[in-house]
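Report on the structure
Read off the chains here:
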Amino acid sequence: MIAHYLPYLKLLLKGVCVLSFIAVSAMFLIWLERKVSAKVQNRLGPMITGPHGSLQSIADTVKLLLKENIVPSGADRLTWWLAPFFVTVPPVTAFLCMPFGPTFIVRDLNVGILFICSITSICVLGIFMAGWGSNNKYSLLGGMRSAAQIISYEVPLLLSALVVIMEAGTLSMQGIVHAQEPCWFFLKPNLFVAFVIYLISATAEVNRVPFDIPEAESELVAGYHTEYSGMKFAMFFVAEYTNLFIISAVAASLFLGGWLGPIRPSAGWFLLKAYVVIAFLMWIRWTLPRVRMDQMMSFAWKVLTPVALLNVLVTGWLLVAKG
Amino acid sequence: MDIASVIQRIEEQFPCAIAEKTPGWITLKKESLIPVFHCLMTGPEAFISLHCLTAVDRKDSVEVVYHLFSYHHKIMLTVKVLLPNVDLTIDSLTPLWDAANWLEREVFDLFGVKFSGHPDMRRILNPDHWTTHPLRKDFKQDGFVPRPVK
Amino acid sequence: MMEYEELIINMGPQHPSTHGVLYLELKLDGEVVLDCRPNIGYLHRSIEKIAENRSFVQFMPFTDRLDYLASMNNNLGLCLTVEKLMNIAVSPRAQYLRVIIAELNRIASHLFAVSTFAQDLGAFATPLFYALRDREKIIQIFDHICGQRLTYNYMRVGGVSGDLPAGVDALIKEYIPYQRKMLDEFETLLTGNVIFCARSKNIGVLSKETAIKYGVTGPNLRASGYKWDLRKDEPYLVYDKFDFDIPTGENGDSWDRYIVRIREIRESLKIIEQALGGLPEGDPVAKVNKVFRPNGETYMCTENPRGELGFYIVGDGNIFPYRLKIRAPSFSNLSVLSAMVKGLNISDTVCALGSLDIVMGEIDR
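Description of the structure in this document. (Residues numbered from 1 in each chain as written. Chains lettered and ligands numbered in written order. Predicted model: local features only at pLDDT ≥ 70, side-chain atom pairs only at ≥ 80, totals over all residues. Heavy atoms only, no water.)

**Brief notes about the sheet that holds strand E8 (residues 323-327) of chain C**
Residues and elements named next belong to chain C. Cut-off, in case you're wondering: Strands are labelled as partners when DSSP assigns at least two bridges between them. Note on conventions: DSSP H or I runs of at least 4 residues are helices, E runs of at least 2 residues are strands, and numbering of each starts at the N terminus. Structural elements are reduced to axes, namely lines fitted to C-alpha atoms, with helices fitted over the stretch in contact, and the angle between N-to-C directions of any two is expressed from 0 to 180 degrees.
With respect to topology, three strands assemble into an open sheet ordered E6-E7-E8, the strand pairing being antiparallel. Each end of this open sheet is capped by a strand with a single partner; those strands are strand E6 (295-304) and E8. Going from strand to strand, the sheet's axes swing by 10° on average, the running direction of each strand aside.

The structure is reproduced here in structure tokens:
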């Protein structure tokens, strides 16, 4: 009898594992961001709740859970309610083919990288819905900026992933990691260029400084999530940090060798590499000013995309020359 | 160039413009304000800056005070115009100096002097629905008691 | 048929980058600003009316609350005006002390100005914290001198309220090289940054002529290329005894306004160094009657961190001034904003506003 339900139970358990990992990871990243920013800015950061403020995120979560959920008057209710889900669900789904370890993966799809890239770009829909549904002009501007930005940076992002796919000869995430066994991809010059392009466009994809234009604290207050409060705001927050983890984890598996490591391949290496990328992005965030909308767009179309295309061309030529 | 020669030149060019002359300032007649100022701004005195524009309530009249400054000669000229309470209107200086825009709005707000020809004669500090002008000496408001003058 | 609509956006009075309670009415076409109307008055405390019901000694603390980032300079402005009106002589030591303290406060104010400008450009909080760390040193010096951290009420007509406490001159001497070093560090964060330059260069250009027409003064005028500083051109106190430069910009854009302030900090450090070296002995505490009955009127300007602060005092022989007008530099500086931002987009509006460095406390009075 029990054996009959076991596969479903296993599936459920995996789902719970992924969800709790996402929640804990987001909470940890929020704490880490506060600590990193504090370090950069000569501060201490949260210190009161728990040792070195490590429980601060839990306290914040409790606060956000208990907060009133305010619906702005004149909001487009359906859009407004659905937006946080459209933002949160895609990054959660992307964990489906995230290669944590040699066997530690929910399902190794043969179109893995394509799946991750396409599912995470659904987020822009949620952001635009949030901007539109809030009935707030700042949110609307934020949503429009976000749509333009994410669509533009999707192009160089995918082109840089394409170089990896060409080099590895597979779309499967595990296949890409296995292809790096002789040499991690970012050590090859053409793939290093792809790595840099990937990092820049991924930063833009997740709206982080210097591309935090949709949120733009000093211009648009908080952009598309200005009107959200309580748990709905928390969902945007979780989505933001989950996305941060995903781009870093994808960077780790596409360019830095994923779970491969000098001693024994394991999920530990994978997480370490992902967190190094995250720490780098955080360092960037707390140092640089923000670029302007038109500067960002022209950078995407006039610099990044041509360079990425050229890189694809060179890689193709190299592969053909190699035979 | 000093203040005395500036005043002398005004007297020569506009014989009946100056109503009163003291060591510290000159008082102009209301109607000769714009021509005199235009001359001061474009002439060799080069009073290109309207440094300050304010007013003083003299109970039966309001005195509008202009401080013109010449960066070139480093001199400050104080010009006053006396407006009787019955007719608190004067020509706006916005065609000459853009700085006059907000300064005149402030004087309008606090003293009730109307500047004709001003492009945007609204209150600037107080709410639009106010009817009183707080810097007038006869200003009365619940809760505000002027201190006795010793 | 597409419908075309202008978007009116109310920026403020509560907004992260309007520097207080400024309310900008922006008319937008997409993100491009078609028209910008600054509405002020949210911080109006009728300080000029209060002045008519206070003696000068009683009024001194109110000047602290005008430009609250440069309280010492405001104190100084009022003191100098009353001294000019009453023909009061000030001891040399008090004059030197006033210079030192006014320049220290100028540095504190400029540090705040450049760092909040960087914050407006999206360099979130990091430059601000660096600058506040250094400003804290100045505030501690002021705390030793007068027991206050923001509203000092230190200057008195005829002198200052107390001599430097023991050890404070050593603190200031320590502070000067420290600030030079830290300013270099601060500049590595912003001055050469590609994004920072791209965001601020050629944005919010203010020509020399426009600036003068609108009565813009101070660093904003100097950034437009007009070399004018009251400390140099119409020296008050003992500024004529010191050797310092007047930094000027070339294009009058936001970048110039930033770099002029940075350079002014260095010049102020030079002045403090010289003033400390030549600090004469004597008693700086005011030895004058506390009751003034001014008769007549005077107008006097001093160089504040934000521009020329003018006090116009009309006395009628009573202890209260008959009329006291404060010519606030930020007031004129802000009035030029709408002329500056037409055709820019929202991000640049914030940049232009931040580079003007306004303080609502003295605009609304």
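After presenting the structure, the write-up continues.
**Things to note about the interface of chain C and chain B**
Rules: The contact criterion used is simple: two residues touch if any of their non-hydrogen atoms lie within 4.5 Å. The term buried area refers to how much accessible surface (probe radius 1.4 Å) is lost by two components on association, counted for both of them together. Within 3.5 Å is the distance limit for a polar contact, defined as a pair of N or O atoms, with the added protein rule that one can donate a hydrogen and the other accept it, and that residues adjacent in sequence qualify only through two side-chain atoms. Any residue outside Ala, Val, Leu, Ile, Met, Phe, Trp, Tyr, Cys, Pro, Asp, Glu, Lys and Arg is labelled polar, Gly included; the first ten of those are nonpolar and the last four are charged.
On the side of chain B, 45 residues touch chain C, which itself brings 43 residues to the contact. A buried area of about 3900 Å², summed over both sides, lies between chain C and chain B, and 57% of it is on carbon and sulfur atoms. Of all residues in chain C, Lys49, Lys213 and Tyr322 of chain C give up the largest surface area on contact with chain B, accounting jointly for 17% of the area buried on that side. In this assembly, chain C and chain B are joined by 16 residue pairs in polar contact (both at pLDDT 80 or more). Counting only elements with at least two residues in the side of chain C that touches chain B, the list comes to strand E3 (32-39), helix H1 (47-51), helix H8 (208-213), E6, strand E7 (307-316), E8, helix H12 (329-335) and helix H15 (360-364) of chain C. Across the side of chain C that touches chain B, the residue classes break down as 18 nonpolar, nine polar and 16 charged.

**Looking at the interface of chain C and chain A**
Interfaces are often described in size by the accessible area the parts lose on coming together. Rules: By convention in these notes, a salt bridge is any Lys or Arg side-chain nitrogen within 4 Å of a carboxyl oxygen on Asp or Glu.
With 35 residues of chain C at the contact, the number on the chain A side is 23 residues. Buried surface at the junction of chain C and chain A, summed over both partners, amounts to about 2600 Å²; 59% is from carbon and sulfur atoms. One can count two salt bridges joining chain C with chain A. The partner of arginine 145 of chain A in a salt bridge is glutamate 31 of chain C, with the nearest N and O atoms 2.4 Å apart.

**Comments concerning the environment of tryptophan 286 of chain A**
Note the threshold: The buried label applies to any residue whose accessible area, calculated with a 1.4 Å probe on protein chains only, is under 20% of its type's maximum; exposed applies above 50%, and partly exposed to all values in between.
Note on placement: tryptophan 286 of chain A falls in the loop between helix H11 (267-285) and helix H12 (293-322). Taking the relative accessible area as the measure of exposure, tryptophan 286 of chain A reaches 9% and is therefore buried. For tryptophan 286 of chain A, the contacting residues outside a window of four places in its chain are Glu33, Ser37, Val40 and Gln41 of chain A together with Phe124 and Thr126 of chain C.

**Things to note about the pattern of salt bridges**
All names here are of chain C. Applying the stated rule across the entire model yields 44 salt bridges over all chains. The residue glutamate 25 makes a salt bridge to arginine 37 at a minimum N-O spacing of 3.7 Å. Of this pair, glutamate 25 sits in strand E2 (residues 23-29) while arginine 37 sits in strand E3, and the two are twelve residues apart along the sequence. Residue class for glutamate 25 comes out partly exposed when judged on its relative accessible area of 23%. Each member of the salt-bridge network shares a partner with another, and the members are Glu103, Arg106, Arg222, Asp229, Arg231, Glu264 and Glu303.

**Some details on the nonpolar core**
As a reminder, the rule being used: Residues enter a nonpolar core if they are buried and are Ala, Val, Leu, Ile, Met, Phe, Trp, Tyr or Cys, with the set joined through side-chain atoms within 4.5 Å. A domain assignment, automatic or from a database, supplies the domain bounds used here.
Formed by 169 residues in total, the largest nonpolar core has its most connected members in Leu28, Phe37 and Tyr66 of chain B together with Ile40 and Tyr258 of chain C. It is helix H4 (residues 92-120) of chain C that provides the largest number of residues to this core, a total of 13 residues. In terms of domain composition, this core takes at least three residues from each of domain 1 (1-44) and domain 2 (45-356) of chain C. One finds Leu29, Tyr153, Ile176 and Met293 of chain A within the second-largest nonpolar core, a separate group that totals 71 residues.

**A look at the packing of aromatic side chains**
To be explicit about the condition: In this analysis, rings of Phe, Tyr and Trp, with Trp reduced to its six-membered ring, are considered paired at centre separations within 6.5 Å, and the interplanar angle assigns stacked below 30 degrees, edge-to-face beyond 60, and tilted for intermediate values. Each ring is checked for a lysine NZ or an arginine CZ that lies within 6 Å of its centre and within 35 degrees of its normal; such an atom marks a charge sitting over the ring.
Inspection of the entire model under this criterion finds 41 aromatic pairs over all chains. Plain terms: the ring middles of phenylalanine 195 of chain A and phenylalanine 255 of chain A are 5.1 Å apart, the flat faces sit at 45° to each other, and that makes the pair tilted. Separated by 60 residues along the polypeptide, phenylalanine 195 of chain A in helix H8 (residues 189-205) and phenylalanine 255 of chain A in helix H10 (residues 230-255) bring together distant segments of the chain. For the pair phenylalanine 195 of chain A and phenylalanine 255 of chain A, a shared accessibility class is recorded, and that class is buried. Note on tyrosine 224 of chain A and phenylalanine 236 of chain A: the rings are 5.8 Å apart at their centroids and 50° apart in plane angle, and the pair reads as tilted. Here the residue tyrosine 224 of chain A occupies a position in the loop between helix H9 (217-220) and H10, and phenylalanine 236 of chain A occupies one in helix H10, the gap between them amounting to twelve residues. Across the pair, exposure class does not vary: tyrosine 224 of chain A and phenylalanine 236 of chain A are buried alike. A network of ring pairs unites the aromatic residues Phe21, Phe28, Trp31, Phe95, Phe100, Phe245, Phe270 and Tyr275 of chain A as a single cluster. Between the NZ or CZ atom of lysine 137 of chain C and the centre of the ring of tyrosine 178 of chain C, over which it lies, the distance is 4.7 Å. Against the face of tyrosine 239 of chain C rests arginine 231 of chain C, its NZ or CZ located 6.0 Å from the ring centre.

**Examining unusual backbone geometry**
Keep in mind that most residues, glycine aside, have a negative phi and that most peptide bonds are trans. Non-glycine residue asparagine 153 of chain C carries a positive phi angle of around 50°. Inspection of the secondary structure assignment puts asparagine 153 of chain C in the loop between helix H5 (126-146) and strand E4 (155-156).

**Describing the packing of helix H6 (residues 168-190) of chain C against helix H11 (residues 254-277) of chain C**
Residue and element names in this part refer to chain C. Filter applied, for reference: What sets the label is the angle itself: under 35 degrees gives roughly parallel, over 145 gives roughly antiparallel, 65 to 115 gives roughly perpendicular, and the rest give oblique. Each helix crossing is assigned a hand: it is left-handed if the near helix lies turned anticlockwise from the far helix by less than a right angle, otherwise right-handed if that turn is clockwise.
Relative to each other, H6 and H11 sit at 160°, their axes nearing to 10 Å. With respect to H11, the axis of H6 lies roughly antiparallel. H6 and H11 meet at a crossing whose hand is left-handed. Side by side, H6 and H11 meet where Asp169, Ile172, Lys173, Tyr175, Ile176, Gln179, Arg180, Leu183, Asp184, Phe186, Glu187 and Leu190 of the first sit next to Tyr258, Ile259, Ile262, Ile265, Arg266, Leu269, Lys270, Ile272, Glu273 and Leu276 of the second. Within the contact of H6 with H11, the residues separate by chemical class into 13 nonpolar, one polar and eight charged.

**Describing the state of the cysteines**
Working definition: the covalent bond between the sulfur atoms of two cysteines is a disulfide. Definition in use: Disulfides are defined as pairs of cysteine sulfur atoms found within 2.5 Å of each other.
Counting across every chain of the model gives zero disulfides over all chains. Cysteine cysteine 97 of chain A remains unbridged, with the sulfur of cysteine 117 of chain A as its closest cysteine sulfur at 9.8 Å. The closest cysteine sulfur to the non-disulfide-bonded cysteine 36 of chain C is located on cysteine 351 of chain C, 14 Å from its own sulfur. The buried category is assigned to cysteine 36 of chain C, whose relative accessible area is 2%.

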